[in-house]
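As a plain string of letters, each chain reads:
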Amino acid sequence: MGLQMFAAILALLFVAIPTSNAWGTEGHYMVCKIAQSYLTSTASNAVLKLLPAGANGDLASECTWADNVRGAYPWSSALHYVDTPDNLCTYDYTRDCHDSSGASGRCVVGAINNYTSQLRTYPSTTYNLTQALMFLSHFMGDVHQPLHVGFTTDAGGNSITVYWYNVKTNLHSVWDTKIIQTSMSNYFGNDMNTMANSIKANITSTQISQWNSCGSSTSACADTFATESIQQACNYAYKDAPNNAYLSDTYYLSRSPVVNTRIAQGAVRLANFLNQIFV
Ligand SMILES: *[C@@H]1O[C@H](CO)[C@@H](O)[C@H](O)[C@H]1NC(C)=O
Ligand SMILES: *[C@@H]1O[C@H](CO)[C@@H](O)[C@H](O)[C@H]1NC(C)=O
Ligand SMILES: *[C@@H]1O[C@H](CO)[C@@H](O)[C@H](O)[C@H]1NC(C)=O
């Protein structure tokens, strides 16, 4: 093919790389499934009132809604992640929480703050609190996925090609879905509820109080979650996973406990936020 055609295809390929996908269906489902089991009765009642009828009272069933509306609400895309400076391994709200055009607050932490404060107006109808609940529940999962707080140039690992047990994918997808799906298949009969129950069974009351001592306010806590994620992105996700790396047992076995702990933390903290919002 001609050079021009080649250049055009190359350009298309780059455009086709998503800036950042959300934590996969399974990760979001488990975060919300576990979180709902930790709600106070006041919070639980509010959540049941706000969930759409089709949810049948199950928060987990609505936790990927925010991904489904990315097409309909293009403004929401930037709210799923935050990009930090390459190789610094730190996160700073003022420096990093903006979209690609620089609009401040337009990142996953800004969105958590936004939907937390909207939900505090419950039961007012100023905002659509059904959407606020579905957004907050989703973004609490995203902020705990280490590569949703990744580096700017590689778009949180989206542009790093890797082979997962010889199948070509990218590093972001490994952390969104591949590690979780490998665990589900190896140990949990491919069942999200079985895996969620198993993650929950490991959570201790000491961990719950540690994880919820994250700062003096919900927004300070949201900053803490993002800081933890970029540190884990550097220590575990990017580590030993350069472009074209072949990742299998060594990477999987050392990273899957990290992923399971992030799911547990996301769940405990989502419940804690909702319990503080609905009092
Ligand atoms: C806050 O929520 C409103 C309503 O969904 C939305 O229009 C706005 O873009 C959100 N901003 C952030 C930073 O989340
Ligand atoms: C709030 O958002 C939900 C989900 O998008 C929608 O079904 C519902 O009609 C909205 N409610 C109002 C009052 O606009
Ligand atoms: C629960 O903890 C045990 C002991 O640390 C560990 O072997 C197991 O993999 C954990 N299970 C999950 C689902 O995280």
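Residues numbered from 1 in each chain as written. Chains lettered and ligands numbered in written order. Predicted model: local features only at pLDDT ≥ 70, side-chain atom pairs only at ≥ 80, totals over all residues. Heavy atoms only, no water.

The protein chain has the name Aspergillus nuclease S1 in an unreviewed UniProt entry, where Rhynchospora breviuscula is given as its organism. Its UniProt record gives the protein chain the following Catalytic activity (unreviewed entry) comment, quoted word for word: "Endonucleolytic cleavage to 5'-phosphomononucleotide and 5'-phosphooligonucleotide end-products." Reading the Sequence similarities (unreviewed entry) entry of the UniProt record for the protein chain gives the comment "Belongs to the nuclease type I family." (UniProt positions renumbered as here; feature names shortened; annotations may be inferred.)

Caption draft 1: Looking closely at the site of ligand 1. Close to ligand 1 lie W75, L79, G105, R106, A111, N114, Y115 and Q118. Here an oxygen atom of ligand 1 and a side-chain polar atom of N114 are 2.4 Å apart. Residue Y115 places a side-chain N or O atom 2.7 Å away from an oxygen atom belonging to ligand 1. Computed on the free molecule, ligand 1 has an accessible area of 360 Å², of which 69% lies beneath the protein chains in the complex. Of the residues that constitute the shell around ligand 1, the class distribution is four nonpolar, three polar and one charged. (Near = heavy atom within 4 Å. Polar contact = N/O pair within 3.5 Å; in protein donor to acceptor, adjacent residues only side chain to side chain. Areas by Shrake-Rupley, 256 points an atom, 1.4 Å probe, with all protein chains shown as cover. Nonpolar A, V, L, I, M, F, W, Y, C, P; charged D, E, K, R; others polar.)

Caption draft 2: A look at the state of the cysteines. Going through the model one piece at a time under the given rule, you end up with four disulfides. Here C32 connects covalently by a disulfide to C63, the sulfurs 2.0 Å from one another. Across the S-S bond linking C32 and C63, the dihedral sits near -100 degrees, which makes this disulfide left-handed. Placement of C32 in helix 2 (residues 25-36) and of C63 in the loop between helix 3 (41-50) and helix 4 (65-68) is noted, with a sequence separation of 31 residues between them. Each member of the pair, C32 as well as C63, is classed as buried. Across a sulfur-sulfur distance of 2.2 Å, C214 and C221 are joined as a disulfide pair. Measuring the twist about the S-S bond at about 85 degrees, one finds the C214-C221 disulfide to be right-handed. A relative accessible area of 5% places C221 in the buried class. (Disulfide = S-S within 2.5 Å. Helix = DSSP H or I, 4+ residues; strand = E, 2+ residues; numbered from the N terminus. Buried < 20%, exposed > 50% of the residue type's maximum accessible area, 1.4 Å probe, protein only.)

Caption draft 3: Structural view of the pairing of strand 2 (residues 167-170). As judged from the four bridges shared by strand 1 (residues 161-164) and strand 2, these two strands associate in the antiparallel manner. When the sheet's bridge partners are listed, Y163 is paired in strand 2 with K168. Between strand 1 and the antiparallel strand that follows it, strand 2, lie two residues; Y165 among them carries a positive phi value of about 45 degrees. (Pairing = 2+ DSSP bridges.)

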